[in-house]
Amino acid sequence: EVQLVESGGDVVQPGGSLRLSCATSGFNFDDYAMHWVRQAPGKGLEWVGLVTWDAGTAFYADSLGGRFTISRDNSKNSLYLQLDGLRPEDTALYYCAKVAKSGSYYTTYYFDSWGQGTLVTVSS
Amino acid sequence: EIVLTQSPGTLSLSPGERATLSCRASESVTSDFIAWYQQKPGQTPRLLIYGASTRATGIPDRFSGSGSGTDFTLTISRLQPEDLAVYYCQQYGDAPPNIFGGGTKIEIK
């Protein structure tokens, strides 16, 4: 069974930093691209970014202004999201998501598994 | 960058009725790479449909997807109380970003 478990969410002041983690199991992690998606309270889903299966490349939503960094450690079956320069509008539940098919062609495919999310609150 | 517009914002229907949800893209979607997700209150999104019309594993056949090009539809043929949720369409495929529509909320009368 595929499992994705996010952690690291917290309350942080504006301008602060946070590192989120997504621990995975139940599939060959190093074969799949992985994504982050966020959801502000009461709002819709917003794609944050992705990292390729080999950690060679990451892509981000333009709206983030280069403040976030996605990485992965295939030896630990884990995905990470470094959040810097946090703003109140970054307050959201952050989900990690697995693409449905393995391989580089499917880097931006649809998602067949999601974690439960970890809550980031940016407030003074 | 493609923009996905979902309508209506909210749909209020009775059990047994048909729900028709629209997802319109600002430009043609490559290979009909549209997915639909269901998010029930307090839960994680769940994949319903991919490739515009293929049901994901375990999804009841009352859920169906259709469309091509720029216009896509999710239909729930016989609404059940447990279908109370927000439904999102997503464009995926050849390049990032993986865009989501704004969602349609289904309310059960």
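Everything that follows concerns the structure shown earlier in this document.
(A) Inspection of the overall build of chain A at higher detail. Along the backbone of chain A there are zero helices and 11 strands. Taken over C-alpha atoms, the radius of gyration comes to 14 Å for chain A, in line with the 14 Å a tight globule of 124 residues would show. Reported as C-alpha extents along the three principal axes, the dimensions of chain A are approximately 40 × 25 × 25 Å. In chain A, which comprises 124 residues, the share counted as buried stands at 48%. The long-range fraction of contacts in chain A, counting pairs at least 24 apart against all pairs at least 6 apart in sequence, stands at 55%. Just so you have it, chain A exposes about 5,500 Å², and 44% of that area is on carbon and sulfur atoms. The average position of the 9 basic charges and that of the 13 acidic charges among the side chains of chain A differ by 3 Å.

(B) Fine view of the state of the cysteines. Tallying each qualifying case throughout the model produces two disulfides over all chains. Between the sulfur atoms of C22 of chain A and its disulfide mate C96 of chain A the distance is 2.1 Å. Looking along the S-S bond of the C22 of chain A-C96 of chain A disulfide, the torsion reads about 60°, which is the right-handed sense. Of the two residues, C22 of chain A sits in strand β3 (residues 18-25) while C96 of chain A sits in strand β9 (residues 92-99), which places them 74 residues apart along the sequence. Assigned by exposure class, C22 of chain A and C96 of chain A land together as buried. With its sulfur 2.1 Å from that of its partner, C23 of chain B forms a disulfide with C89 of chain B. On the S-S bond that ties C23 of chain B to C89 of chain B, the torsion sits near 80°, and the link is right-handed. In this pair, C23 of chain B is assigned in strand β3 (residues 19-25) and C89 of chain B in strand β9 (residues 85-91), connecting sequence segments 66 residues apart.

(C) Focus on the interface of chain A and chain B. Taken residue by residue, the interface counts 20 residues in chain A and 20 residues in chain B. Roughly 1,600 Å² of surface becomes buried between chain A and chain B when both sides are summed, with 62% attributable to carbon and sulfur atoms. Counting the surface chain A buries against chain B, the share from its top three residues, L45, T108 and Y110 of chain A, is 40%. Seen at the junction of chain A and chain B, the total is zero salt bridges. The interface formed by chain A and chain B contains nine residue pairs in polar contact (both at pLDDT 80 or more). At the level of secondary structure, the elements contributing two or more residues to the side of chain A that touches chain B comprise β4 (34-39), β5 (45-51) and β10 (111-114) of chain A. Ranked by residue count, the leading element in the side of chain A that touches chain B is β5 of chain A, at four residues.

(D) Highlighting the layout of surface pockets. When its volume is computed, the largest pocket comes out at roughly 310 Å³. Around the largest pocket sit 21 residues that line it, and Q39 and K43 of chain A together with Q39, V86 and Y88 of chain B are the ones nearest its centre. Of all the elements in the fold, those that place two or more residues in the lining of the largest pocket are β9 of chain A together with β9 and β11 (104-108) of chain B. Residue contributions to the lining of the largest pocket peak at three residues, all from β9 of chain B. Classifying every residue of the lining of the largest pocket by side-chain character gives 11 nonpolar, seven polar and three charged.

Parameters and conventions
- Residues numbered from 1 in each chain as written.
- Chains lettered and ligands numbered in written order.
- Predicted model: local features only at pLDDT ≥ 70, side-chain atom pairs only at ≥ 80, totals over all residues.
- Heavy atoms only, no water.
- Helix = DSSP H or I, 4+ residues; strand = E, 2+ residues; numbered from the N terminus.
- Rg over C-alpha atoms; globule rule 2.2 N^0.38 Å.
- Buried < 20%, exposed > 50% of the residue type's maximum accessible area, 1.4 Å probe, protein only.
- Contact = heavy atoms within 4.5 Å.
- Areas by Shrake-Rupley, 256 points an atom, 1.4 Å probe, with all protein chains shown as cover.
- Lys, Arg positive; Asp, Glu negative; His and termini not counted.
- Charge placed at Lys NZ, Arg CZ, Asp CG, Glu CD.
- Disulfide = S-S within 2.5 Å.
- Buried area = accessible area lost by both parts, 1.4 Å probe.
- Salt bridge = Lys/Arg side-chain N within 4 Å of Asp/Glu carboxyl O.
- Polar contact = N/O pair within 3.5 Å; in protein donor to acceptor, adjacent residues only side chain to side chain.
- 1 Å grid on protein atoms, 1.4 Å probe; cavity = no way out; pocket = protein on both sides within 12 Å on 5 of 7 lines; lining within 4 Å.
- Points joined across faces, edges and corners; volume = space filled by probe spheres on them.
- Nonpolar A, V, L, I, M, F, W, Y, C, P; charged D, E, K, R; others polar.

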